[in-house]
Every structure is written in structure tokens, then in C-alpha cells.
Amino acid sequence: MAAMKAPDAPTPNSPDGPLLVEFYDVAQAAVRLGLREPDAPGKTGEKWLRDGFNRPTDGSKGRRFPGRYMAGRLKFSAADLAEIAEIALEESEAKRLAKETAKPRPSTGRPRRLRKTPALATV
């Protein structure tokens, strides 16, 4: 029997091989998005990421952030983080436009009430 060559090992660029994607937990994702420094104590940006992932699916509170739970922990891939950054930019632009085009509140035409006694009156 002649020796047979083993098939080539799949590489990340081959279409038939599994592609291993690097995932980040919430703390690492906050650092990768620039929401906090890597060595800074605290949880700046983590609540924002969790709240964005847990938005309602009907879109009433905005677009939901992509992500997945693995081993009971919320994880984000690099592609997820890019989409989260895009969603955040769209929402901030929409808020800015809404603020610029907002109409002033109508006046009731009633003057402010004048106090008859001072706030800290001593007897």
C-alpha cells in the first residue's frame, strides 16, 4: 500500500476550516471601546454595554447591541464591538439632531408666583 498524504490542516483563511473568533467579556469590551482605561478601577461603561444588550427586541428603547452569553458570561466579538460603536454614533447623531430641531415649549402666559415671605424667615 502506498503512503497517503494527510489533508492540509485548516487555516483561518480557508473557507472549509473553522474560524476561531476572539471574544471579550464586558470589562474587556469597555476597554476596547475606549470607555475606560485598562488599569482604572471601577466599572465605567460596563452598565452601558449590559443595558444595550438587554434592550427590548421591539426597538422601543433603540437598537439592541449584538453579543452572546457563553458559560454564563456576556461576551462580545470584535465584529460585535464595531457594530456597537456604529449604533452609538447613530444614536448620538439622532439625539443631536432632535435637540437642534426641538421646538421651544409654549408659554402658559401666567407670571411666576412671587413669595410673600422670605425662604428663611426668622421670627
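The structure we're discussing is the one just above.
Below or above, wherever it landed, is the structure these notes cover.

Reading the values: rules and limits
- Residues numbered from 1 in each chain as written.
- Predicted model: local features only at pLDDT ≥ 70, side-chain atom pairs only at ≥ 80, totals over all residues.
- Heavy atoms only, no water.
- Helix = DSSP H or I, 4+ residues; strand = E, 2+ residues; numbered from the N terminus.
- Buried < 20%, exposed > 50% of the residue type's maximum accessible area, 1.4 Å probe, protein only.
- Contact = heavy atoms within 4.5 Å.
- Areas by Shrake-Rupley, 256 points an atom, 1.4 Å probe, with all protein chains shown as cover.
- Salt bridge = Lys/Arg side-chain N within 4 Å of Asp/Glu carboxyl O.
- Phe/Tyr/Trp six-rings, centres within 6.5 Å; stacked < 30°, edge-to-face > 60°.
- Lys NZ or Arg CZ within 6 Å of the ring centre and 35° of its normal.
- Core = buried A, V, L, I, M, F, W, Y, C linked by side-chain atoms within 4.5 Å.

## Quick word on the overall build of the chain
Here comes step 1: A count of helices and strands for the chain gives three helices and three strands.
Here comes step 2: Taken from the N to the C terminus, the helices and strands of the chain come in the order β-α-α-β-β-α.
Here comes step 3: Counting all 123 residues of the chain, 20% fall into the buried class.
Here comes step 4: For the chain, contacts bridging at least 24 residues in sequence account for 38% of all contacts bridging at least 6.
Here comes step 5: Summing over all exposed atoms, the chain offers an accessible surface of approximately 10700 Å²; the carbon and sulfur share of this is 56%.

## Side note on the pattern of salt bridges
For side chains bearing opposite charge, pairing can occur when the charged atoms are close.
Here comes step 1: In total, this model carries eight salt bridges according to the counting rule given.
Here comes step 2: Residue E91 is joined to R55 by a salt bridge in which the shortest nitrogen-to-oxygen separation is 2.6 Å. In this pair, E91 is assigned in helix α3 (residues 78-101) and R55 in the loop between α2 (46-53) and β2 (68-70), connecting sequence segments 36 residues apart.
Here comes step 3: A salt bridge links R63 to E83; its shortest N-O distance comes to 3.5 Å. With R63 in the loop between α2 and β2 and E83 in helix α3, this residue pair connects regions lying 20 residues apart in the sequence.

## Points about the packing of aromatic side chains
Here comes step 1: If you walk through the whole model with that rule in mind, you get two aromatic pairs.
Here comes step 2: Centre to centre, the rings of W48 and F65 are 5.0 Å apart; their planes meet at 65°, and the pair counts as edge-to-face. You can see W48 sitting in helix α2 and its partner F65 sitting in the loop between α2 and β2, a full 17 residues away along the chain.
Here comes step 3: Measuring from centroid to centroid gives 5.6 Å for F53 and Y69, while their planes differ by 75°, and the two rings are edge-to-face. Of this pair, F53 sits in helix α2 while Y69 sits in strand β2, and the two are 16 residues apart along the sequence.
Here comes step 4: Residue F53 is classed as buried on the basis of its relative accessible area, which comes to 8%.
Here comes step 5: Taking relative accessible area as the criterion, Y69 reaches 49% and is therefore assigned partly exposed.
Here comes step 6: Against the face of F53 rests R64, its NZ or CZ located 5.1 Å from the ring centre.

## Regarding the nonpolar core
Here comes step 1: Ranked by size, the top nonpolar core spans twelve residues in total: Y24, V26, A29, A30, L49, F53, F65, L74, F76, L81, I84 and I87.
Here comes step 2: Leaving out residues up to four positions away in the same chain, I87 has contacts with R55, R63, R64, F65 and P66.

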